[in-house]
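# An overview of the molecular structure
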Amino acid sequence: MQKGLFSSLPSISNWPDRTDLSAASHWALRAGLGERGDFMALLRAADETLLWCDGSGIGPNDIGTGTPPDLGAAFAAALADLPQSRCLIFARPPKARALAALSESMLPPICPDSALFHHAHVVDPDFGGRSPEEEGPRLAALLSAPGTRAAVIGNQGVLTLAPGLGTALSLLHRFERATETYLRALATGHALRILPDELAAAQPAPDHEAFFAAIKAVNSD
C-alpha cells in the first residue's frame, strides 16, 4: 500500500479534528444557531490545514477545508495572523447579539461567567464593509493582546478564540450565559454590583474540556 495514501483523502485526514468540529456543529444546531451566518468555527489543524464548520449539524466527512465563504473569509484571514490561537468561533446567539447592538457593548464583571472575560474581551464597532484581505489583519490586531478570549463584533455577535476548539466553544457558551445575566440585571433598572478586579480575577476557572467532552458524548449517542 502506498505510504500516505489515506492521509491524502479529505474524509480521513485530520479525523479527530473533523469529529470535534462535527460535534460543535451539532451543538450549534441544538442551540438554535443553524441558520446561515449564525455560527462558524474555524480550526487550524496540526498540518496547518484550515478546517471549518457551520451550525447545520454536519458530519465529519462534510467539514469544510480552506477559506470559508462570506464573513468566514475575514475570520480565516484573522486566524492566520494569530499563531497562538488554533481556533476561532463566530456566532450570533440572541443575548450576545443584543449586547453587540448596544452603544456600550463591554461586559462588566457581575458574575463568575462575566468575570472570565474581565480585561479579556474587546469590542469591534467597525466590522464589515472591507475585503477579507483588509478586515482579517485589522481584526487580528484587535485580538492580539495577550489573554484576549472574546470580541463583541458590533451589530453582529460575538467571536471567541483559543488554542483549541473545546475551549473556544466553552467560552462562547459562557459569554452568552454572562450576557443574559447582564441584560436581565440591566432590565431591572437597578444599579449593578460590579466585582472588584481582585475578586473578578479570583473566580475559579471553568473546566472547558469537561464541557466539550459532554458535548461530544451527546453527539456520539
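That block above? That's the structure.
Just so it is clear, the structure is predicted and the values come from calculations on it, not from any experiment.

Reading guide: rules and limits
Residues numbered from 1 in each chain as written. Predicted model: local features only at pLDDT ≥ 70, side-chain atom pairs only at ≥ 80, totals over all residues. Heavy atoms only, no water. Pairing = 2+ DSSP bridges. Helix = DSSP H or I, 4+ residues; strand = E, 2+ residues; numbered from the N terminus. Contact = heavy atoms within 4.5 Å. Axes fitted to C-alpha atoms, helices over the stretch in contact; angles between N-to-C directions. Buried < 20%, exposed > 50% of the residue type's maximum accessible area, 1.4 Å probe, protein only. Parallel < 35°, antiparallel > 145°, perpendicular 65-115°, else oblique. Left-handed = near helix turned anticlockwise from the far one by under 90°. Nonpolar A, V, L, I, M, F, W, Y, C, P; charged D, E, K, R; others polar. Phe/Tyr/Trp six-rings, centres within 6.5 Å; stacked < 30°, edge-to-face > 60°. Lys NZ or Arg CZ within 6 Å of the ring centre and 35° of its normal.

### Some details on the sheet that holds strand E4 (residues 87-91)
Strand order in this open sheet of seven strands is E3-E2-E1-E4-E7-E6-E5, and the pairing throughout is mixed. Lying at the two open borders of the sheet, with one neighbouring strand each, are strand E3 (64-65) and strand E5 (121-124). Along the sheet, helix H2 (residues 72-80) makes contact with strand E1 (39-44), strand E2 (50-54), E4 and strand E7 (157-162), crossing E1 at roughly 30°. Against the sheet, helix H5 (residues 132-143) touches E4, E5, strand E6 (150-153) and E7, its axis set at about 145° to E5.

### Remarks on unusual backbone geometry
The phi angle at Glu48 is positive, at roughly 75°, despite the residue not being glycine. With respect to the helices and strands, Glu48 occurs in the loop between E1 and E2. Overall, Glu48 belongs to the exposed group, its relative accessible area being 56%. The phi dihedral of Asp70 is positive, around 55°, even though this residue is not glycine. When you line up the elements, Asp70 lands in the loop between E3 and H2.

### Quick notes on the packing of H2 against H5
At a closest axis distance of 7 Å, the pairing of H2 and H5 adopts a crossing angle of 50°. Classified by the angle between their axes, H2 and H5 sit oblique to one another. Seen along the crossing, H2 lies across H5 with a hand that is right-handed. Contact residues: Ala73, Ala74, Phe75, Ala77 and Ala78 in H2; Pro132, Glu135, Gly136, Leu139 and Ala140 in H5. Split by residue class, the contact of H2 with H5 holds eight nonpolar, one polar and one charged.

### Focus: the pairing of E7
With six of six residues buried, E7 is to be regarded as a mostly interior element. Alignment of E4 against E7, held across five bridges, turns out to be antiparallel. Following the sheet pairing, Ile89 is matched in E7 by Thr160. Where E6 and E7 come together, four bridges link them in antiparallel fashion. What sits directly across from Ala150, in E7, is Thr160.

### As for the packing of aromatic side chains
In total, this model carries four aromatic pairs according to the counting rule given. Centroid distance Phe117 to Phe175: 5.0 Å. Interplanar angle 80°. Geometry classified as edge-to-face. Separated by 58 residues along the polypeptide, Phe117 in the loop between helix H4 (112-115) and E5 and Phe175 in helix H6 (residues 165-187) bring together distant segments of the chain. What makes Phe117 buried here is its relative accessible area of 0%. By the ring-pair criterion, three or more aromatic residues cluster together here, those being Phe75, Phe90 and Phe127. Lying over the aromatic face of Phe211, Arg174 brings its terminal NZ or CZ to 5.6 Å of the ring centre.

### Here's the deal with the environment of Pro125
Its place among the elements puts Pro125 in the loop between E5 and H5. Its relative accessible area of 67% is what places Pro125 among the exposed residues. A C-alpha to C-alpha distance of 4.4 Å links Pro125 and Gly154, two positions 29 residues apart in sequence.

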